[in-house]
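# Survey of secondary and tertiary structure
If you want the building blocks of each chain, they are given just below.
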Amino acid sequence: MNVEALPYTLLIILTELTIGSLWVTLASDLRGGVTRGFVLTMALCIAIAGILALWTASSLAIGPEVDGYPIDPDPFPRFRTALLVVTITAAIYMFAVFMGWDPLGRIAGIVGSVAGLAAVVLLSIMFAPPTWGYPAIFLGLFAGTLALGAVSVAMTWGHWYLTEGALPAWPLRDLCLILLGAHALQVLVLAVNLIVPVREVPLPANPVEVGLFQNPVLYLRIGVGLVFPIILAYLAYRTTRIRAMQSATGLLYIAMGAVFVGEVLAKGLMFLTARPT
């Protein structure tokens with residue numbers, strides 16, 4: 001990965017983690033089956049991740065390119081505003097749940113989720129110029145956001161079973177299915193973006209001397225970031241069916257690490273090739 005692209009990669013991953021976790025937490029809260037303590041904990045973690053993302057965004061001096069990767073800097077101020085709304089509403093969500101004002105908390109979560117979608121849209125516009133088109137980057141970021149959110153929320157919810165064994169198994173099964181769906185979308189996006197030609201190939205100061213299909217990072221992204229977590233998510237889903245919740249949580253721990261690694265590799269490839277993977 002280009003060194004200049006590292007802060008942007010960190011910003012994208014923190015943004016995906018913040019927004020995806022809010023989406024999946026709110027969906028779990030509205031669906032039911034999860035405890036108020038869990039929702040409060042997740043809202044707190046989301047607010048902290050949002051603060052870190054905002055801090056990262058404030059440190060960037062946005063220009064027309066990132067080491068040869070052309071970007072559109074115009075949406076960046078609106079992106080930061082949307083991310084700020086996500087962070088504030090997550091904090092309100094947490095406080096409302098703590099006070100027992102669950103309807104107010106859910107309204108805040110809905111507002112934050114809409115703002116999160118707007119942030120993903122604006123981030124996609126920023127990084128779309130060299131790709132084959134806006135759908136390439138938007139679907140890639142959307143799927144990555146959903147995958148990071150699902151694996152983080154599922155792994156955290158798994159810990160609740162370790163202290164409260166009477167909890168129903170179906171919420172964790174649902175979260176595993178969301179994770180599998182997110183990975184299925186990522187596989188589809190990867191296949192399309194590898195086939196369709198890009199509009200402009202980035203020209204970094206220190207280019208990689210091998211083509212995309214000769215680059216081992218692509219196969220690490222596929223193997224470690226997609227195939228491995230898909231297997232783990234399926235195994236976690238199967239273990240929830242026999243109420244082996246401790247085993248499912250352990251599998252999701254490993255899956256979370258694999259998903260994070262996969263997202264880092266995907267963003268590194270994107271900045272080198274303009275192909276969101």
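Overview of the structure. These figures come from a predicted structure and were not determined experimentally. (Residues numbered from 1 in each chain as written. Predicted model: local features only at pLDDT ≥ 70, side-chain atom pairs only at ≥ 80, totals over all residues. Heavy atoms only, no water.)

Quick look at the overall build of the chain now. Secondary structure summary: the chain contains eight helices and two strands in total. Shown N-terminal to C-terminal, the secondary structure of the chain runs as helices and strands in the order α-α-β-β-α-α-α-α-α-α. Taking 2.2 N^0.38 as the reference for a compact globule, 277 residues should give roughly 19 Å; the C-alpha atoms of the chain span a radius of gyration of 19 Å, in line with that estimate. Each principal axis of the C-alpha atoms in the chain carries an extent, and together these give about 55 × 35 × 25 Å. Within the span of the chain, comprising 277 residues, buried residues form 55% of the whole. (Helix = DSSP H or I, 4+ residues; strand = E, 2+ residues; numbered from the N terminus. Rg over C-alpha atoms; globule rule 2.2 N^0.38 Å. Buried < 20%, exposed > 50% of the residue type's maximum accessible area, 1.4 Å probe, protein only.)

For the rest of this paragraph, the subject is the side chain of Thr89. Turning to its location among the elements, Thr89 is positioned in helix H3 (residues 76–99). A residue is classified by how much of its surface remains accessible, and Thr89, at 8% relative accessible area, is buried. Filtering out sequence-adjacent residues up to four positions away, Thr89 remains in contact with Ala108, Val111 and Gly112. (Contact = heavy atoms within 4.5 Å.)

Turning next to the state of the cysteines. When the sulfur atoms of two cysteines share a covalent bond, that bond is a disulfide. As enumerated under the stated definition, the model contains zero disulfides in all. Between Cys45, a free cysteine, and Cys176, which holds the nearest cysteine sulfur, the sulfur-to-sulfur gap is 19 Å. Judged by its relative accessible area of 40%, Cys45 falls in the partly exposed class. Here Cys176 falls in the buried class, since its relative accessible area comes to 0%. (Disulfide = S-S within 2.5 Å.)

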